[in-house]
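Chains, contacts and geometry: an overview
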Amino acid sequence: MTVDPNAATQGFPSPPSAPDRPGAARYLVPALVACAVAVGLGAYGTVHDPAGTAFNLAGFSSTGAVKSWLATASFGFAVVQLVSALMVYGRLPGPSWAGALHRWSGRVAFLTAVPVAVHCLYALGYQTYEPRVLWHSLLGCFFFGVFSAKMLLLRSERLPGWLLPIVGGLVFAALTVVWLTSALWFFRTFGVTT
Amino acid sequence: MKRSGPLFTLLAGLLLALFLLSLNATTGTRPTASGGEPPTTKVSPNPTPSPTGTGAGTGGSPSPDPSTTGTPPPNADYAGRTDDDSSAVAVSLRDGRAIAYFCDGRDQESWLKGDIEDDGSLKLTGRGGGELNGTLKGDRVRGTVDIGGKEYGFTADKAVKPSGLYRATATVRGAEVDGGWIVLRDGSQVGILKRDGRPSAAPEIDPGSGAVTIDGERLTVRPVTP
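Sequence positions are assigned chain by chain, starting from 1 and proceeding in written order. To read the labels, note that chains go from A and ligands from 1, taken in the order they are written. Where local features are concerned, this predicted model is filtered to residues with pLDDT of at least 70; where side-chain atom pairs are given and counted, the filter is 80 or more; whole-chain, interface and lining totals use all residues. For the side-chain quantities, the full set of heavy atoms in the structure was used; hydrogens and water were omitted.

Chain B is annotated in an unreviewed UniProt entry as Serine/threonine protein kinase from Streptomyces phyllanthi.

1. Let's talk about the overall build of chain B
Runs of H or I in DSSP of at least four residues are treated as helices and runs of E of at least two as strands, each being numbered from the N terminus. From N to C terminus, chain B includes 1 helix and 15 strands. Exposure categories follow from relative accessible area, calculated using a 1.4 Å probe and restricted to protein chains: below 20% of the type maximum is buried, above 50% is exposed, and the middle band is partly exposed. Residues classed as buried in chain B amount to 47% of the 226 residues present. In this analysis, two residues are considered to be in contact whenever any of their non-hydrogen atoms come within 4.5 Å of each other. Contacts in chain B between residues far apart in sequence, at least 24 positions, make up 44% of those at least 6 positions apart. Note on areas: Shrake-Rupley, 1.4 Å probe, and residue coverage restricted to the protein chains presented here. Looking at chain B as shown, the accessible area adds up to about 10,500 Å², and 53% of this sits on carbon and sulfur atoms.

2. With respect to the confidence of the model for chain A
Residues and elements named next belong to chain A. Looking at chain A as a whole, its pLDDT mean stands at 83, while 82% of the residues score no less than 70. As a per-residue quantity, pLDDT reports the predictor's confidence and falls between 0 and 100. When the elements of chain A are averaged for pLDDT, helix α1 (residues 5–10) gives the smallest value, 44, and helix α5 (residues 131–153) the largest, 93. Every residue in residues 1–19 scores below 50 in pLDDT, and together they form 16 contacts with partners more than four places removed in sequence or on other chains.

3. Some remarks on the packing of helix α3 (residues 63–88) of chain A against helix α4 (residues 98–124) of chain A
Residues and elements named next belong to chain A. Interhelical geometry of α3 versus α4 gives an angle of 155 degrees and a closest axis separation of 8 Å. Compared by their axis directions, α3 and α4 come out roughly antiparallel. Taken as a pair, α3 and α4 cross one another with a handedness that is left-handed. Classification used: nonpolar for Ala, Val, Leu, Ile, Met, Phe, Trp, Tyr, Cys and Pro, charged for Asp, Glu, Lys and Arg, polar for all others including Gly. Here the residues of the contact of α3 with α4 are counted per class, giving 18 nonpolar, 10 polar and 1 charged. Axis definition: a line fitted to C-alpha atoms, over the contacting stretch in the case of helices. Angles run 0 to 180 degrees between N-to-C directions. Comment on the angle field: the value is read as roughly parallel under 35 degrees, roughly antiparallel over 145, roughly perpendicular from 65 to 115, and oblique elsewhere. Two helices that cross are described as forming a left-handed crossing if the nearer one is turned anticlockwise from the farther one by less than a right angle, and a right-handed crossing if clockwise.

4. Thoughts on the UniProt feature "transmembrane region" (unreviewed entry) in chain A
Per the UniProt entry, the sites bearing "transmembrane region" (unreviewed entry) are residues 27–47, 67–88, 108–127, 133–153 and 162–187 of chain A in this numbering. As annotated, residues 67–88 of chain A has a helix share of 100% and a strand share of 0%, and its two end C-alpha atoms lie 31 Å apart. UniProt positions are given in the numbering used here, feature names are shortened, and annotations may be inferred rather than shown by experiment.

5. Comments concerning a nonpolar patch on the surface
Residue and element names in this part refer to chain A. Nonpolar side chains (Val, Leu, Ile, Met, Phe, Trp, Tyr) are joined into patches within 5 Å and like charges within 9 Å, using only residues with over 30% relative accessible area and no salt bridge. Think of a salt bridge as a Lys or Arg side-chain nitrogen and an Asp or Glu carboxyl oxygen that are within 4 Å of each other. Judged by side-chain polarity, Val79, Leu82, Val83, Leu86 and Leu92 come together as a nonpolar surface patch covering roughly 340 Å² of accessible area. Here Val79 shows up in helix α3. With relative accessibility at 36%, the residue Val79 sits in the partly exposed group.

6. Structural notes on the sheet that holds strand β11 (residues 189–195) of chain B
All names here are of chain B. Here the rule is simple: two strands pair whenever DSSP picks up at least two bridges between them. The strand order across the open sheet built from 5 strands is β12-β11-β10-β9-β15, with neighbouring strands paired in antiparallel fashion. Among the strands making up the open sheet, the edge pair consists of β12 (198–201) and β15 (222–223). Pairing geometry for β11 and β12, over 4 bridges, is antiparallel. Within β12, the residue paired with Lys194 across the bridge is Pro199.

7. Description of the side chain of Ser68 of chain A
Along the chain, the position of Ser68 of chain A falls in helix α3. Residues within four places of Ser68 of chain A in sequence aside, it is in contact with Ala183, Phe186 and Phe187 of chain A.

8. Digging into helix α6 (residues 163–190) of chain A
Residues and elements named next belong to chain A. Spanning 28 residues, α6 covers 40 Å between terminal C-alpha atoms, matching the ideal 40 Å at 1.5 Å per step. Bend is the name given here to the angle between axes fitted to two runs of seven residues, the run ending at a residue and the run starting at it. Of all the bends in α6, the largest measures some 35 degrees and sits at Leu180. Trailing α6 by a residue or two, Gly191 shows a phi angle of about 85 degrees, which is positive. A helix's residues, less one, multiplied by 1.5 Å, set its expected span.

9. Topic: α3 of chain A
For α3 of chain A, spanning 26 residues, the distance from its first C-alpha to its last is 36 Å, which sits close to the expected 38 Å at 1.5 Å a residue. The positive-phi residue at the C-terminal boundary of α3 of chain A is Gly90 of chain A, with phi of around 75 degrees.

10. Examining the pattern of salt bridges
Residue and element names in this part refer to chain B. Under the counting rule described, the total for this entry stands at 9 salt bridges over all chains. For Asp77, the salt bridge is made with Arg94, and the minimal N-O distance between the two is 3.4 Å. In this pair, Asp77 is assigned in strand β1 (residues 76–82) and Arg94 in strand β2 (residues 88–94), connecting sequence segments 17 residues apart. By relative accessible area, Arg94 is classed as buried at 9%. In this structure, the salt-bridge partner of Arg140 is Asp157, at a minimum N-O distance of 2.9 Å. A residue pair is termed long-range when its members are at least 10 positions apart, and Arg140 in strand β7 (residues 140–147) and Asp157 in strand β8 (residues 150–158) qualify at 17 residues. The class for Arg140 is partly exposed, based on a relative accessible area of 42%.

11. Some words on the sheet that holds β2 of chain B
Residues and elements named next belong to chain B. Pairing is antiparallel around the closed barrel formed by 8 strands, whose spatial order is β1-β2-β3-β4-β5-β6-β7-β8. Strand after strand, the sheet turns through a mean of 25 degrees between neighbouring axes, direction not considered. Bridge count between strand β6 (residues 131–137) and β7: 7 bridges; the pairing is antiparallel. Paired with Leu136 across the bridge in β7 is Val141.

12. What to know about the nonpolar core
What is meant by a nonpolar core is a set of buried Ala, Val, Leu, Ile, Met, Phe, Trp, Tyr and Cys residues, joined one to another through side-chain atoms within 4.5 Å. Formed by 28 residues in total, the largest nonpolar core has its most connected members in Phe110, Val114, Phe143, Phe144, Phe147 and Leu153 of chain A together with Leu10 of chain B. When residues in this core are grouped by element, the largest group, 7 residues, is from α5 of chain A. If we ignore the near neighbours within four places in the chain, the residues touching Leu10 of chain B are Phe110, Phe147, Ser148, Met151 and Leu152 of chain A. Judged by nonpolar contacts, the second largest core, of 20 residues, contains Leu93, Ala98, Ala100 and Leu112 of chain B.

13. Thoughts on a negative patch on the surface
Residue and element names in this part refer to chain B. His is not counted here, nor are the chain ends, while Lys and Arg score as positive and Asp and Glu score as negative. The atoms used to mark charge sites are NZ of Lys, CZ of Arg, CG of Asp and CD of Glu. Negative charge collects at one region of the surface, where Asp115, Glu117, Asp118 and Asp119 lie side by side. Position of Glu117 among the secondary structure elements: in the loop between β4 (109–116) and β5 (121–126). Note on Glu117: relative accessible area 44%, which makes it partly exposed.

Next up, the structure:
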């Protein structure tokens, strides 16, 4: 991936800064956005007639290989996420830049996962024909929903201390299962190939 | 202080997704199979290149009554069983041309080719005297297949991926292998694999990725179009 998340974001107009929302909205808005994202992705995957094909990257034998390696990279950064989060919360000894490491590894992990998801939804769609595929479809949609919620929750102050670790844990767990049901399956079925 | 970093992260992901989606939408209509799930091994494509290799989108909305229109019936795939439940039949339509596959899953199969008329009638012929006569009406093809001195009635319903008609040809361990698969709507598969012309039951393909292992070698089947 040649996308520099920093460069891509510079051109955005600054979002309208909402006035301090009262209590319930701080949780309701992220939750509703999460539902909308997850259901929206699933609905698109169901409604869109799977093209069966999409762009490929040079140097790889198949889009399955590209996706598996991108997903593996994303999962690798997700592991960094877990470790750096433990550092931020003081559960592990860590450097002072653990927070920055957590933010940037998260961005990279997310932006690496996006092309994979786009390919999945565009070329394959939301499928349920076997348990592996069902769980992958379900949790793939869930992942982007709960990730959106996590990002939005970060903007709120004075959250209960347990909330972010729980939501972050959900993000990590979802990505793990998504990776297990796709990339690991791919490598086990086709061999570790490029 | 409101942190806007997370919002930028989300927006960047959204923009990236839209960018890739537009890339797909613009490149996905090309007939070349440069993208997609290319074969992991040497799998030679069906002899006739398809003019609408990725035309799945156009097949999604068939006009309800083809007989009243002056244009050929819409591109689509159909798959079903014979009336005696012994065999499966799949028909693939593209731009007025048709290819069909009859297969009993053991030793009898036939590829049949021909045109579909504007009124939805099909008359396809295969090597060795096989013949398929059928009619497309609504979302199904009904007709008969004459093969091996027997006549089989069949009904084939519109097939939605991953059901449909697939083929793989390759050289595996010095043998020319040629496999044909019909994936039915209920997920069951009927297929025959010929090794140097000798037919046998085909191993199951993975309907999602099209992967199949033949004599220890992994191949990728491809959807068949006329």
